[in-house]
Amino acid sequence: MAITHSEILQMAEAVSQEKGLDKEVIFSAIEAALATATRKRHDGDIDARVSIHQNTGEYDSFRVWEVVADDDELEFPDRQKTISEARKKNPDIEVGGSVEKPMANVEFGRIAAQAAKQVIMQKVREAVREQTAERYKDKRGVLISGTVKRLERGHAIIDLGDSEAILPKSGMIPREGLRPGDRIRALLQDIDTEARGPQLVLTRLSPEFLIELFKLEVPEAGEGIITILGAARDPGSRAKISVRTNDSNVDPVGACVGIRGSRVQSVSNEIAGERVDIIVWSNNSAEFVIQALAPAEVEFIYIDEDLKSMDVVVTEENLSRAIGRGGQNVRLASELTGWELNLMTDQEAAEKQENEQKALVQDFMTRLDLDRNVASILAQEGFNSLEEIAYVPRQELLDIDEFDEALVDELRSRAQDTLLTSAIASQEEREPEEALLGMEGMDEETAHALAGGGVRSIEDLADCSIDEVLDIIDIDRERAGALIMTARAPLFAT
């Protein structure tokens, strides 16, 4: 039994109301279903298009041909025409366009209706996914609230009201034990347009999630009076956040803690009881690190700016507190501050300093040909490199009681000569050998680039793979392979 035109309109209206979709989407799905039915009813491999009159439910069917170039072979003769043939009826048609011819409508019967239903539901799903992606496209990194709807293979499906999201097991706080019906907050981490199920991907593990929770619970943070600069977490166990205030009358730590700890407790309850330390940020790196390592007390800090690391000296009694259970406290402090932190006791610091002093003295003795006494005095006076000896103001060396002008000038001269010799040697190590420069297919620019990457000789090049050469210089694979084979040619000749 065929479906009437009025029933087509009723179908479009019902699905539109139920799914909250524009009728255009529904009519498009019905048209696609009718076009599919039309193609199946025809003997040949044709293409078809159906157009529904949305005010009456009536529809028109058209056979469609793709327009291809004259010199192209017709791969699908039943649904392709050459441009010259197509222009007989439409002089303005271009390659890639299409020509159409009205054809008889198929009866929209039971089989076609079933096909239409499948297509409609697919279109509905696609439309819903597109709407979801559009609605949330600017909300990555935003805090979202929802209800746990169900658990699937360890993942939680979260009902957001207008859509569903997935909180994967990898985004859950360990051992928090979510159950259907639980109200939770999470951070929108990603929108997975390829996923078959929920495409909104949430996380409760990221430091940003913790920061957003504090912005929600602490009005001063949400208003910008307090700035939360960073966070480090061991999810479900312990976390540290760094804060500062833009108003000298506001205590950033007190504001985040709240009256009787109410604010920080609310955050902690949301993240399975995770303990949160609130640290006052400082632009003084050492002071910031000291604050971050609390409750441990720090004795001294030695800073290496080049390596962005600090040797943090604590008493024997404070060492375990500074390290924390399983290294948790120092690890979180390191993540929060961005510095590599090396904890040590007074004795360990003294031993390290002594060993470094011995190594420095030995380096001065070897490279500057000095006796131990002079080398030791330089180290004791705080000279840590040949560059300092060579280029600090001359007076700084003259201010050393044991040094006279002749010794100072000799030290500076030796340091400068040693640095120059090292620079020349370093440059020579980056120069290609003559044989490599003269190799067939090699040019000077390529040879120097290879030498800069440690490939200075034909033998070095012969030992390389194509990928190793491409890691050094940006040339095509074919040329890299040809150069390697040329370098290997003498090996084959023997």
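Please refer to the structure placed before this passage.
**A closer look at the overall build of the chain**
Moving on, step 1. Check the secondary structure of the chain and you find 21 helices and 15 strands.
Moving on, step 2. For the chain, the spread of C-alpha atoms along the three principal axes comes to 110 × 80 × 40 Å.
Moving on, step 3. Split into buried and exposed, the 494 residues of the chain put 40% on the buried side.
Moving on, step 4. Taking all contacts inside the chain whose residues are at least 6 apart in sequence as the whole, residues at least 24 apart take part in 53%.
Moving on, step 5. Carbon and sulfur atoms form 46% of the exposed surface of the chain, whose accessible area is close to 28,200 Å².
Moving on, step 6. With 56 positive and 96 negative side-chain charges, the chain shows a spacing of 13 Å between the two charge centroids.

**Brief notes about the sheet that holds strand β9 (residues 200-203)**
Moving on, step 1. Pairing is mixed in the closed barrel, where 5 strands are placed in the order β5-β6-β7-β9-β8. Strand-to-strand, the axes of this sheet are offset by a mean angle of 55 degrees, without reference to chain direction.
Moving on, step 2. One ladder, built from 4 bridges, connects strand β8 (residues 183-191) with β9; its direction is antiparallel. Bridge pairing in β9 places Leu188 opposite Leu202.
Moving on, step 3. Helix α5 (residues 207-217) rests against β5 (143-152), β8 and β9 of the sheet, and its axis sits at about 130 degrees to β8.

**Some words on the pairing of β8**
Moving on, step 1. When β5 meets β8, the two strands line up antiparallel, connected through 5 bridges. Opposite Ser145, over in β8, you have Arg185 as the bridge partner.

**A word on a negative patch on the surface**
Moving on, step 1. A grouping of Glu297, Glu299, Glu316, Glu317, Asp346, Glu348 and Glu351 is seen on the molecular surface, where their side chains present a negatively charged patch.
Moving on, step 2. Elements that contribute at least two residues to the negative patch include exactly α10 (316-323) and α12 (346-368).
Moving on, step 3. Counting residues per element, the negative patch draws most heavily on α12, at 3 residues.
Moving on, step 4. Following the sequence through the fold, Glu299 ends up in the loop between α9 (285-292) and β13 (300-304).

**A short note on the pattern of salt bridges**
Pairing is possible between side chains of opposite charge, provided their charged atoms come close.
Moving on, step 1. Per the stated rule, a full pass over the model turns up 30 salt bridges.
Moving on, step 2. A salt bridge links Glu164 to Lys149; its shortest N-O distance comes to 2.5 Å. Taken together, the residues Glu164 in strand β7 (residues 164-167) and Lys149 in strand β5 connect sequence positions 15 residues apart.
Moving on, step 3. Taking the relative accessible area as the measure of exposure, Glu164 reaches 24% and is therefore partly exposed.
Moving on, step 4. Asp467 is the salt-bridge partner of Arg477, the closest N and O atoms lying 2.9 Å from each other. With a gap of 10 residues between them, Arg477 in helix α21 (residues 477-493) and Asp467 in helix α20 (residues 466-472) connect regions that are remote in the sequence.
Moving on, step 5. Among the ionic contacts, a cluster of salt bridges with common partners joins Glu176, Arg185, Arg204, Glu217 and Glu270.

**Some details on the packing of α5 against helix α8 (residues 262-270)**
Moving on, step 1. Taken N-terminus to C-terminus, the directions of α5 and α8 make an angle of 140 degrees; their axes are 10 Å apart at the nearest point. Overall, the two elements α5 and α8 adopt an arrangement that is oblique. Crossing of α5 against α8: the hand is right-handed. For the pair α5 and α8, contact is made by Phe209, Leu210, Leu213, Phe214 and Glu217 and by Arg263, Val264, Ser266, Val267 and Glu270, respectively.

**What about the pairing of strand β14 (residues 309-314)?**
Moving on, step 1. Counting buried residues along β14, 6 of its 6 residues qualify, which places the element largely inside the surrounding structure.
Moving on, step 2. The alternating pattern of β14 places Ser309, Asp311 and Val313 on one face and Met310, Val312 and Val314 on the opposite face, and all of these are buried.
Moving on, step 3. Sheet analysis places β13 next to β14, joined by 5 bridges and oriented antiparallel. Following the sheet pairing, Ile301 is matched in β14 by Val312.
Moving on, step 4. Remark: 4 residues form the turn of the hairpin made by β13 and β14, two consecutive strands paired antiparallel; Lys308 in that turn has positive phi of roughly 50 degrees.

**Comments concerning the sheet that holds strand β15 (residues 340-345)**
Moving on, step 1. Pairing within the open sheet is mixed, and its 3 strands lie in the order β13-β14-β15. A single partner strand is all that each edge strand has here, and the edge strands are β13 and β15. Adjacent strand axes in the sheet meet at a mean angle of 20 degrees when their direction is disregarded.
Moving on, step 2. Its contacts with the sheet place α12 against β13, β14 and β15, and it is angled at close to 105 degrees to β15.

**Quick word on the side chain of Ser163**
Moving on, step 1. Among the structural elements, Ser163 can be located in the loop between β6 (155-159) and β7.
Moving on, step 2. In this structure Ser163 comes out as buried when scored by relative accessible area, which is 11%.
Moving on, step 3. Ignoring any residue separated from it by four or fewer positions in sequence, one finds Ser163 in contact with Thr132, Arg135, Tyr136, Ile158 and Leu200.

**Examining the packing of α10 against helix α11 (residues 328-337)**
Two quantities define a packed helix pair, namely the angle between the helix axes and the distance between the axes.
Moving on, step 1. Contact geometry of α10 with α11 gives a least axis separation of 5 Å together with a crossing angle of 65 degrees. Put simply, α10 runs roughly perpendicular to α11. Facing Arg321, Ala322 and Ile323 of α10, the residues of α11 in contact are Gln328, Asn329 and Val330.
Moving on, step 2. Considered class by class, the residues forming the contact of α10 with α11 number 3 nonpolar, 2 polar and 1 charged.

**Remarks on the side chain of Ser61**
Moving on, step 1. On the secondary structure map, Ser61 appears in strand β2 (residues 59-68).
Moving on, step 2. Of note is the side chain of Ser61, whose polar atom sits 2.7 Å from the side chain of Asn105.
Moving on, step 3. Residues within four places of Ser61 in sequence aside, it is in contact with Thr38, Arg49, Val50, Lys101, Pro102, Met103, Ala104 and Asn105.

**Things to note about a nonpolar patch on the surface**
Moving on, step 1. Together, Met485, Leu491 and Phe492 line one region of the surface with nonpolar side chains, adding up to about 360 Å² of accessible area.
Moving on, step 2. By relative accessible area, Leu491 is classed as exposed at 57%.

**So, the packing of aromatic side chains**
Aromatic rings considered in pairs are described by the distance between their centres and by the relative angle of their planes.
Moving on, step 1. Within the structure shown, the criterion is met by 0 aromatic pairs.
Moving on, step 2. One Lys or Arg, Lys81, reaches over the ring of Trp65 and ends 4.4 Å from the middle of that ring.
Moving on, step 3. Over the ring of Trp281 we find Arg244, and its NZ or CZ is 5.2 Å from the ring centre.

Conventions adopted
- Residues numbered from 1 in each chain as written.
- Predicted model: local features only at pLDDT ≥ 70, side-chain atom pairs only at ≥ 80, totals over all residues.
- Heavy atoms only, no water.
- Helix = DSSP H or I, 4+ residues; strand = E, 2+ residues; numbered from the N terminus.
- Buried < 20%, exposed > 50% of the residue type's maximum accessible area, 1.4 Å probe, protein only.
- Contact = heavy atoms within 4.5 Å.
- Areas by Shrake-Rupley, 256 points an atom, 1.4 Å probe, with all protein chains shown as cover.
- Lys, Arg positive; Asp, Glu negative; His and termini not counted.
- Charge placed at Lys NZ, Arg CZ, Asp CG, Glu CD.
- Pairing = 2+ DSSP bridges.
- Axes fitted to C-alpha atoms, helices over the stretch in contact; angles between N-to-C directions.
- Patch = residues over 30% accessible without salt bridge, like charges linked within 9 Å, V, L, I, M, F, W, Y side chains within 5 Å.
- Salt bridge = Lys/Arg side-chain N within 4 Å of Asp/Glu carboxyl O.
- Parallel < 35°, antiparallel > 145°, perpendicular 65-115°, else oblique.
- Left-handed = near helix turned anticlockwise from the far one by under 90°.
- Nonpolar A, V, L, I, M, F, W, Y, C, P; charged D, E, K, R; others polar.
- Polar contact = N/O pair within 3.5 Å; in protein donor to acceptor, adjacent residues only side chain to side chain.
- Phe/Tyr/Trp six-rings, centres within 6.5 Å; stacked < 30°, edge-to-face > 60°.
- Lys NZ or Arg CZ within 6 Å of the ring centre and 35° of its normal.

By themselves, these observations are geometric and do not establish any function.
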